[in-house]
Amino acid sequence: MEKNSNAISRRTFIERTGTVATGLTILSGTITEANNLAESNDKDRCAFIYKTPSGTLKDNMVIWHNGTFYLFTMYGKEDQKGNDSLFNSVWLATSVDGVHWKDVGTVIKNQPFAVWSLSVWKAGDNFIMNHGSNTPGDILRFWRSKDLINWEFLGEEYAVHKPGGQRLDCMNVLAVEKEGKTEWYGYATGGLLRSEDGVKWEWKEEFKLSDPKWSIIEAGGGALIGGKYYVTSGWVQALPGDFNYSTLTFVSDKPDGPFQPDFEALRLNGHSGYITVALWARFCPTPDELLITNYIVDIHSTVQTWWHAPMKKAVVDKDGHLRMGYWKGNEAIKGAPVPLQLSNCTQLFPLPENQVDKKEAAFSADGDLVRMKRQPGANPSYIGYADPLTTVVLLNEQFDSIKGFVLEGRMKIDPLNPGILSKGIPGIGLFLEEKPLKGTAILFNTCHLTEIGIMRLSGEAHFDCKDRIGFGCAAVAGITEGAISSFRLLFRQETFELYLNDLLVQTYFTNGATGRVGFIVRDGEAKFDNLRAWEINL
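## Some remarks on the overall build of the chain
Across its full length, the chain carries 3 helices and 37 strands. Out of the 538 residues belonging to the chain, those deemed buried represent 58%. Taking the contacts inside the chain whose residues are at least 6 apart along the sequence as the reference set, 60% of them involve residues at least 24 apart. Surface accessibility of the chain: about 21,500 Å² in total, with carbon and sulfur atoms responsible for 50%.

In structure tokens:
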């Protein structure tokens, strides 16, 4: 797979997407102006997932300071679809728990140049911000603040161009302490930058890669974890076989590389199909842990708008692979408990009255345990196996799919007929009802594959896969046969995040969810227990 980061500059990208260059510089908005621009702090858009009261955010980042999270994003009008030059401001929201957000407003507003992806860091007694821009060519521009709210433009003498006018954008900053001295590294779309003081920067070189067939393109974040340097990079069709934007992870022993693609967990987030739902990855250090921020495309919007996604915990496993994990701070979203009456569960498929043999598909509920099974079909041969057979059981409770809910529990899947040629491929999962006998299904297979798609239960269980998570993905790919696994489903505004054993499975969406959730088993015996639910706390 040949990659060439020099093949497209920001200017070329703008020309291809129909955006236009704007003029030059100067001032930021004051906090008074920012507050006047911030509309009512609607709970509908400010809890758990966040969006601006009007217009749209994009390419978000969060910095923690003195007990408060500061969410900065490039900001533009709502009609900017496909036109990044209309982003000419910076929006700020704050939160004390990282879950419930409060509008501050446009702290840098209506600039005569484009304001693209930005980053904020502490350098000495000041906070510094850089953002991608243009005019002339691609350029990084810089601002300074004492309080993260009032910003002073540092002038064109601080601006950085890449030689040849190629794309330079989106610089994430990492300060490395070495022998009592701070070394400043900037990981940007366009290469590596260096600074002596964290304020004045210069472009140094293209990223050094251990494999010349790969490139770090849209650099999103850089972090030092366990003695290794991790850089995230996104692009369209970045992972072979995927059609969409993915964020990839590169690792090095040194801050300036060479960087190695982390092939076993290369896709930190992204989607294999034709629909983008969640993307981006930037790091947010706190005193206790390292977090990751990203954002969600509002796929139900008639214009292109984005939401700030729930924050994740940066998890590095024993083999050094970076993954997105469940952040315990998200517990703040849990409101009133929702009692679950498992004895009222119903078998949605197959309909009991249509079953010839009741033993082929059956379920029972005992206390907080739901037990389900589905006998495999015809025995597989050496070159294939029969289509998996499915049982779906639906909870009787109806959650509020707009306000949102949290559902947690444990799941376990076992084969019914041991033996390599007779057990099929057992699978287990969740069903999110959208219409009678139709919904979005998340399937954990025991062949190192997770699938998300539409399941229709008419006559037979038809599954139309829309997204696959498999080899090369940091997200959870399948489930271990016979192991007890915990799951967390976070659902709000038709968007959901699912975690298995506190690692992100996927961020995805539904279309017209009814608020009813079901359990799925295929070609095996499944158990669900320790089931608990809560309303979203707005």
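Next comes the rest of the account.
## Here we look at the side chain of Arg 522
In this structure, Arg 522 sits in strand S36 (residues 517-522). In this structure Arg 522 is buried but unpaired, with Glu 451 as the nearest side chain of opposite charge at 4.4 Å. A distance of 3.3 Å separates a polar atom in the side chain of Arg 522 from a polar atom in the side chain of Thr 390. Leave out the neighbours within four places in its chain, and Arg 522 touches Pro 388, Leu 389, Thr 390, Ile 425, Pro 426, Gly 427, Leu 443, Asn 445, Glu 451 and Phe 463.

## Structural notes on the sheet that holds strand S30 (residues 438-445)
Hydrogen bonds between backbone atoms are what pair the strands of a sheet, whose relative direction is either parallel or antiparallel. If you trace the 7 strands from one edge of the open sheet to the other, you get S24-S27-S36-S29-S30-S31-S32, paired in antiparallel fashion. Only two strands of the sheet have a single partner each, and these edge strands are strand S24 (346-349) and strand S32 (460-469). Between one strand axis and the next, the sheet turns by 30° as a mean value, whatever way the strands run. Relative to S32, strand S31 (residues 449-458) runs antiparallel, the two being bridged by 9 bridges. Bridge pairing in S32 places Leu 457 opposite Ala 461.

## Things to note about a nonpolar patch on the surface
On the surface, a cluster of nonpolar side chains totalling about 350 Å² of accessible area is made up of Phe 243, Tyr 274 and Ile 275. For Tyr 274, the location among the structural elements is in the loop between strand S17 (267-270) and strand S18 (278-285). The class of Tyr 274 is exposed, set by a relative accessible area of 69%.

## Regarding the pattern of salt bridges
When charged atoms on two side chains of opposite charge get close, those side chains can pair. A full pass over the atoms with the stated rule returns 27 salt bridges. With its nearest N and O atoms 3.4 Å apart, the salt bridge here joins Arg 144 to Glu 152. Judged by relative accessible area, which is 42%, Glu 152 ranks as partly exposed. One salt bridge in this structure joins Asp 253 and Lys 228, with 2.5 Å as the shortest N-O distance. A residue pair is termed long-range when its members are at least 10 positions apart, and Asp 253 in the loop between strand S15 (245-252) and strand S16 (260-261) and Lys 228 in strand S14 (residues 228-236) qualify at 25 residues. Ionic contacts of the salt-bridge type, sharing partners, join the residues Lys 328, Glu 331, Lys 334, Glu 408, Arg 488, Asp 502 and Arg 532 into one network.

## Points about unusual backbone geometry
With an omega dihedral of 5°, the bond running from Gly 257 to Pro 258 counts as a cis peptide bond. By the secondary structure assignment, Pro 258 is in the loop between S15 and S16. The linkage connecting Phe 349 with the following residue, Pro 350, adopts the cis geometry, with an omega of -10°. Along the chain, Pro 350 turns up in the loop between S24 and strand S25 (361-366). In this model, His 448 sits at a positive phi of 65°, which is unusual for a non-glycine residue. With phi around 55°, Asp 523 is a residue other than glycine that occupies positive phi space. Secondary-structure assignment places Asp 523 in the loop between S36 and strand S37 (524-536). Taking relative accessible area as the criterion, Asp 523 reaches 1% and is therefore assigned buried.

## A word on the pairing of S31
Where burial is concerned, most of S31 is hidden: 8 out of the 10 residues are buried. Both S30 and S31 contribute to a ladder of 8 bridges, which runs antiparallel. Bridging across to S31, Ala 441 finds its partner in Gly 453. Here S30 folds back onto S31 in antiparallel fashion, the turn holding 3 residues, of which His 448 has a positive phi close to 65°.

Definitions and cut-offs
- Residues numbered from 1 in each chain as written.
- Predicted model: local features only at pLDDT ≥ 70, side-chain atom pairs only at ≥ 80, totals over all residues.
- Heavy atoms only, no water.
- Helix = DSSP H or I, 4+ residues; strand = E, 2+ residues; numbered from the N terminus.
- Buried < 20%, exposed > 50% of the residue type's maximum accessible area, 1.4 Å probe, protein only.
- Contact = heavy atoms within 4.5 Å.
- Areas by Shrake-Rupley, 256 points an atom, 1.4 Å probe, with all protein chains shown as cover.
- Lys, Arg positive; Asp, Glu negative; His and termini not counted.
- Salt bridge = Lys/Arg side-chain N within 4 Å of Asp/Glu carboxyl O.
- Polar contact = N/O pair within 3.5 Å; in protein donor to acceptor, adjacent residues only side chain to side chain.
- Pairing = 2+ DSSP bridges.
- Axes fitted to C-alpha atoms, helices over the stretch in contact; angles between N-to-C directions.
- Patch = residues over 30% accessible without salt bridge, like charges linked within 9 Å, V, L, I, M, F, W, Y side chains within 5 Å.

Limitation: the analysis is restricted to geometry and does not speak to function.
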